[in-house]
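Residue strings, one per chain:
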Amino acid sequence: TYLEGTVLVNPHLTLRYKLLDNEWVHVERVSNVVPEVPGATLPHPHTFKLGEFITHSHLFGKISLDKFLRTGFSRVSDQAIKDLVGKGLPKKLLDTALTSLKEEDFKKVFQVVQDTELMAPSTKSVLNIGEDALSKSIGRLGEIDFFSVVTRRPAICDFKPVAVEVALARFKNRNLEADEPVQLLRFANRVPLQFDKSGCAITWAIESVNWKAYGLAQPKGSLPLGPYVFAVSIVSPFIKFKNASKETIDASDELVEEIRRALIQAGQKLSRHIR
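Criteria and thresholds
- Residues numbered from 1 in each chain as written.
- Predicted model: local features only at pLDDT ≥ 70, side-chain atom pairs only at ≥ 80, totals over all residues.
- Heavy atoms only, no water.
- Helix = DSSP H or I, 4+ residues; strand = E, 2+ residues; numbered from the N terminus.
- Buried < 20%, exposed > 50% of the residue type's maximum accessible area, 1.4 Å probe, protein only.
- Contact = heavy atoms within 4.5 Å.
- Areas by Shrake-Rupley, 256 points an atom, 1.4 Å probe, with all protein chains shown as cover.
- Lys, Arg positive; Asp, Glu negative; His and termini not counted.
- Charge placed at Lys NZ, Arg CZ, Asp CG, Glu CD.
- 1 Å grid on protein atoms, 1.4 Å probe; cavity = no way out; pocket = protein on both sides within 12 Å on 5 of 7 lines; lining within 4 Å.
- Points joined across faces, edges and corners; volume = space filled by probe spheres on them.
- Nonpolar A, V, L, I, M, F, W, Y, C, P; charged D, E, K, R; others polar.

A.B. asks: How do you make sense of the overall build of the chain when you look at a structure like this?
C.D. replies: Assigned secondary structure in the chain consists of nine helices and eight strands. Expressed along its principal axes, the backbone C-alpha trace of the chain runs to roughly 70 × 40 × 30 Å. Looking at the chain as a whole, 44% of its 275 residues are labelled buried. In the chain, 70% of the contacts between residues at least 6 apart in sequence involve partners at least 24 apart. Roughly 14700 Å² of accessible area belongs to the chain as shown, and the carbon and sulfur atoms make up 51% of that amount. Charged side chains in the chain number 37 positive and 32 negative. The centres of these two groups are separated by 4 Å.

Listed below in structure tokens is the structure:
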């Protein structure tokens, strides 16, 4: 399952493997386009906690607070500095060296920054698989009856850039029972998540959708039923996990809602085939 998931979200990958006494398996790539890693971007100040904000300042030495805010973060423009002053940031602190600021000063600056509306973070740092590549990749998992693929445009959730992609498919000759929950494949930055699915944002989002409206059976508050594979990919430079094992994505309201929107779009496409 892990290997199947890996090739699904990496269409450019060719994989050859042998498990125990089974025959060798060869999976050929379906795309010759190798993804380009997005360029580095400065962090957005609203993605920091107080301790992280102070620690970040230690990287900049004796520069002024004004220069630190402008060069150490994204989306802090001249107008943003004026807005910070308007929200209560003392002007004298802007010319003060970071090394001279006391903890109380940092607390004051941090709170003003959090209370000031800033431009949303850039979404250029996320890397989509793409509907075309994902559609081709699904075919490598088996013979398909029908499928639906949706790639959402990058969005901002909890002040972090996020891209959600969903693939829903029904396969022929696959050992999936009609009265069993769908097979769920979860991904974070192109890596399959194998365990602890019950508390994951992806699972919560799927369970919150009324799948009966799209032709699938569904017990209340549970995954839908049927011989389907649901693959959901989350890509972000700042994915928040619930634990150190990084198997469960933290289910914030904004992220769950963004996943829901992608699922509903995919469900609408899927229902046309089912009906």
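A.B. asks: Honestly, unusual backbone geometry in this entry has me stumped. Any pointers?
C.D. replies: Excluding glycine, most residues fall at negative phi; most peptide bonds, likewise, are trans. Residue leucine 20 is not a glycine yet carries a positive backbone phi of 50°. Within the secondary structure, leucine 20 sits in the loop between β1 (15-17) and β2 (25-27). The backbone of aspartate 158 sits at a positive phi, close to 55°, despite the residue not being glycine. Secondary-structure assignment places aspartate 158 in the loop between β4 (155-157) and β5 (160-171). On the basis of relative accessibility, which here comes to 30%, the residue aspartate 158 falls in the partly exposed class.

A.B. asks: Mind showing me how you'd approach the layout of surface pockets here?
C.D. replies: In this approach, a probe sized like a water molecule rolls over the atoms, and the result shows the empty space that is left. Estimates place the volume of the largest pocket at around 450 Å³. Grouping the amino acids of the lining of the largest pocket by side-chain chemistry returns nine nonpolar, three polar and six charged. Counted as a void, the second largest pocket has a volume near 190 Å³. Taken together, 16 residues make up the lining of the second largest pocket; nearest its centre are Thr41, Leu42, Ser122, Ser125 and Phe238. Grouping the constituent residues of the lining of the second largest pocket by class yields nine nonpolar, six polar and one charged.

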